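# Coordinate analysis (summary)
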Amino acid sequence: MERDAIITDENEPQAVSIPSRTHPPGRWALRPTPYRDRAETRKHSSGTGCAVRLHGNRHASLFLETDTPFTIESACVVVRFEYGRRIAGHVSGNLSDLEGRLGPGQILFGDAIPPRYRSDAFRAHRGSRLAEAVAPPAAVVFPQTAEDVVTVVRFAAAAGFAVVPWGGGTGLMGGARPSGDSILIDFRRMRRIRAIDRRSCTATAEAGIVLEDLDRRLRRRGLTLGHDPWSRPRATVGGAIGTNGLGYAAYLRGTMGDQVLGLEAVLTDGTLLRTRAVRRSTTGLDLKRLFVGTEGTLGLVTAATLQVYPIPEKEEIHAFRLPDFATGLDALSRIYDDGLVPSVMEFEETFEASGLPWRSEPGPPELFLGFVGRRDVVAASWRVARRRLRAARATPRPDREAREYWRGRHDIIFMHDEASPGVTRADLALKDTIFDYVHVALPRSKILAFRRAALSILRRHKVTPIGFGLWTQPELVSVEVVRPVAGHRARAQAAVAAAIDEAIRRAHALGGSMEYVHGVGVKLAHLLGDELGAGREVDRRIKEALDPRRILNPGKLGL
């Protein structure tokens, strides 16, 4: 099998660093470097092709059509290729050879690949200028051991294929999107629990185990998983590590990465790396953090040792209604400053919106607050919290509301189950609606300013807010938005995308970060330069060092 590799990151299109090399004939969109102002082409001295020297400004693109090969003269130039355009180099290698190395039943290619592998949970109802689905991968493999993953990565590196890791397919930012020249690795057959240490409160599990399955097994031993995201019934350990996901108990337990004690990961050359599973180490670089939150772009996590927790003696959650958002924010700030550590906190005001498959009505903000632990500790926490809430004129809601909230906290993930091949329930429910969200981390002192700015931005773009709230701690802000398609899907998507980008840039201006729960994938990659500043180049240098051929989940995080 031999065919051209294809650029599949179509982020208007995504900027990628390309070294000097020869590129084949075709029509190209080349984005010049930020600090120069013109572009030119000239013949090679050999007369067999042309070279492109880019001097353009950061907003211009040069479209080049050539029937001869060409090179880019600067090794540091940033080039933007149109989505679907071909790049230099070829993918070569017979996938049946890989099948022989793995064994029967561990690889699919061609028409045997189910349509669900064309995209993760980043779908057409989202506010983005990116297309919903891309080409199917060249193959889908189902490794059963870390050694199988080593085999796949070594084959891909030799043959020129990209490698895309796939967990539960629940990622909302396109972090598991394949490309036509990729081998997608579905880790879900790697679901063994290698060890549970009850006394040390640790568990070592493979990357493909579903979070809820791991928690169920832990509970038989009197333990529980600290990570409890909305996607728990479908998401996997490896996927949660890749995005450094946040769950309901995040303020109490931290992010998924905070709960990782040690990792096993496959590097781009097939090296199987294992880090020591300890809580503290001062022996230089913490290697496991390279693979937390980097979405498989630096290495593929195959197993992890996690901090787990005894099942608490008492769990107590209550619901309240606050007079207004500012009053609630102040009350919550005081609760956290008192030293209380809630196991769950969700605080949100709602707005009226039409065209949704569920009701969205305006109303004062509601708070769900909970504590877990010893009975006396929980009781003491509630005594302090209730004093603060009474001072803020909070109105208690019936306990059944809190119970219903807690029982239904994972229900939304089932909207991403397939209703038919390649079509999810969310695709059907939101076919006439663009729905999206912003998750930003901000200093508490800037949250009210962000709220005013964000609501103004949404109005200007004719995008309707559904909710504005805080999740797990006062510094983490969530905004849900909607806009009807009204016969113009692309227009509605572009309006929502523009509103989200502007809101995120406003958060940046206020000293905030653009995402705290779902990762970056391809959806937010175009904003990473604003987020990281000079750190963006550090990112690229690390990628170059660890994955010089750029085969590991290329395009995600803009890498």
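As shown above, the structure is provided for reference.
This is a predicted model, so every value here is computed, not measured.

### A closer look at empty space enclosed by the protein
Under the criterion given, the structure shown has five cavities of 30 Å³ or more. Considering only enclosed or pocket space, the largest cavity measures out at about 570 Å³ in volume. What lines the largest cavity is a set of 41 residues, among which G171, G238, G239, A240 and T243 lie closest to the centre. The class makeup of the residues in the lining of the largest cavity is 18 nonpolar, 21 polar and two charged.

### Digging into the pairing of strand β15 (residues 193–197)
Here β15 pairs with strand β16 (residues 202–206) via four bridges, running antiparallel. Considered in β16, the bridge of A195 is made with T204. Turn length for the β15-β16 hairpin, with the two strands adjacent in sequence and antiparallel, is four residues, and the turn residue C201 shows positive phi of about 55 degrees.

### Side note on the packing of helix α6 (residues 325–337) against helix α7 (residues 375–391)
To characterise two packed helices, one gives the angle between the axes of the helices and the distance between these axes. Contact geometry of α6 with α7 gives a least axis separation of 9 Å together with a crossing angle of 155 degrees. Here α6 lies roughly antiparallel to α7, going by the angle between them. Read as a crossing pair, α6 and α7 show a hand that is right-handed. Residues A331, R334 and I335 of α6 form the contact with α7, whose own contacting residues are A385, R388 and L389. Residues that form the contact of α6 with α7 fall into these classes: four nonpolar, no polar and two charged.

### Remarks on the pairing of strand β18 (residues 260–266)
Most of β18 sits out of view: seven of its seven residues are buried. In terms of strand pairing, β18 meets strand β20 (residues 300–310) through six bridges, oriented antiparallel. The residue of β20 that forms the bridge with G262 is T305. Summarising the sheet, β18 and strand β19 (residues 272–274) pair through three bridges and their orientation is antiparallel. Note that in β19 the partner of V266 across the bridge is L272. The loop that links β18 with its antiparallel partner β19 comprises five residues; one of these, G270, has a positive phi angle of about 90 degrees.

### Some points on unusual backbone geometry
Positioned with a positive phi, K462 is a non-glycine residue whose angle comes to about 60 degrees. By the secondary structure assignment, K462 is in the loop between α10 (447–460) and β28 (464–471). Among the residues examined, K462 registers a relative accessible area of 66% and is labelled exposed. Its identity as a non-glycine residue notwithstanding, N553 has a phi of 45 degrees, on the positive side. Examined against the element boundaries, N553 turns out to sit in the segment after α13 (535–546).

### Focus on helix α11 (residues 489–509)
Under the 1.5 Å per step criterion, the end-to-end length of α11 is 30 Å for 21 residues, consistent within 8% with the ideal 30 Å. Following α11 by one or two positions, G511 has its phi on the positive side, about 90 degrees.

### Some points on the packing of aromatic side chains
Counted by the stated rule, this structure contains 14 aromatic pairs. Ring centres 5.8 Å apart and planes at 75 degrees place the aromatic pair Y248 and W406 in the edge-to-face group. Residue Y248 is located in the loop between α4 (237–243) and α5 (250–253), and its partner W406 is located in helix α8 (residues 399–407); the two are separated by 158 residues in the primary sequence. Ring geometry for F325 and F468: centres 5.3 Å apart, planes at 80 degrees, overall edge-to-face. On the criterion of sequence distance, the pair formed by F325 in helix α6 and F468 in strand β28 is long-range, its members being 143 residues apart. Given a relative accessible area of 3%, F325 falls into the buried group. Members of the aromatic cluster, connected to one another through ring pairs, are Y248, F368, Y405, W406 and W471.

Reading the values: rules and limits
- Residues numbered from 1 in each chain as written.
- Predicted model: local features only at pLDDT ≥ 70, side-chain atom pairs only at ≥ 80, totals over all residues.
- Heavy atoms only, no water.
- 1 Å grid on protein atoms, 1.4 Å probe; cavity = no way out; pocket = protein on both sides within 12 Å on 5 of 7 lines; lining within 4 Å.
- Points joined across faces, edges and corners; volume = space filled by probe spheres on them.
- Nonpolar A, V, L, I, M, F, W, Y, C, P; charged D, E, K, R; others polar.
- Pairing = 2+ DSSP bridges.
- Helix = DSSP H or I, 4+ residues; strand = E, 2+ residues; numbered from the N terminus.
- Axes fitted to C-alpha atoms, helices over the stretch in contact; angles between N-to-C directions.
- Parallel < 35°, antiparallel > 145°, perpendicular 65-115°, else oblique.
- Left-handed = near helix turned anticlockwise from the far one by under 90°.
- Contact = heavy atoms within 4.5 Å.
- Buried < 20%, exposed > 50% of the residue type's maximum accessible area, 1.4 Å probe, protein only.
- Expected span 1.5 Å × (residues − 1).
- Phe/Tyr/Trp six-rings, centres within 6.5 Å; stacked < 30°, edge-to-face > 60°.

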